[in-house]
Amino acid sequence: MITAIVLINAEVDQIPEVAQQIADLDGVTEVYSVTGTADLIAMVRVRHHDDMATVIADHLNKVPGVRSTDTHIAFRAYSKHDLEAAFSLGIE
């Protein structure tokens with residue numbers, strides 16, 4: 001599984017609508033409204049790198065109200081919760 005953390009700047013008056021449209025995209029597992037320099041943070045999880053391009057470049061970036069994105073691909077997960085979930089699915 002490939003995970004990306006996508007920081008999103010959106011039109012201020014459209015943040016809830018933008019967040020919902022992004023949350024509805026295949027491959028997007030969560031969307032958070034946050035404080036700081038980004039308006040939203042989306043977690044994208046896919047099986048193949050090409051799928052990441054489809055989700056982010058072809059769909060997420062084209063949601064009306066998205067002004068810009070900054071994508072970070074995760075190398076490793078250090079959360080105990082995430083590791084326990086992986087082992088429960090039989091992934092080693």
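Residues numbered from 1 in each chain as written. Predicted model: local features only at pLDDT ≥ 70, side-chain atom pairs only at ≥ 80, totals over all residues. Heavy atoms only, no water.

A. The overall build of the protein, seen in detail. Looking only at helices and strands, the protein features three helices and four strands. When its helices and strands are written in sequence order, the protein yields β-α-β-β-α-β-α. Relative to its full complement of 92 residues, the protein shows a buried share of 28%. Counted over contacts in the protein with a minimum sequence separation of 6, partners at least 24 positions apart contribute 65%. (Helix = DSSP H or I, 4+ residues; strand = E, 2+ residues; numbered from the N terminus. Buried < 20%, exposed > 50% of the residue type's maximum accessible area, 1.4 Å probe, protein only. Contact = heavy atoms within 4.5 Å.)

B. Here's a closer look at the side chain of Thr 3. Residue position: Thr 3 is located in strand β1 (residues 2-10). Beyond its immediate sequence surroundings of up to four residues, Thr 3 is in contact with Met 43, Val 44, Arg 45, Met 52, His 72, Ile 73 and Ala 74.

C. Geometry of helix α2 (residues 49-59). Residues of α2 that are buried include every one of Met 52, Val 55 and Ile 56, and no others. Down the axis of α2, the smallest arc covering the buried residues is 80°, so these residues share one side. Taken together, the buried residues of α2 touch β1, β2 (28-33), β3 (40-46) and β4 (66-73). (Arc of directions from axis to C-beta.)

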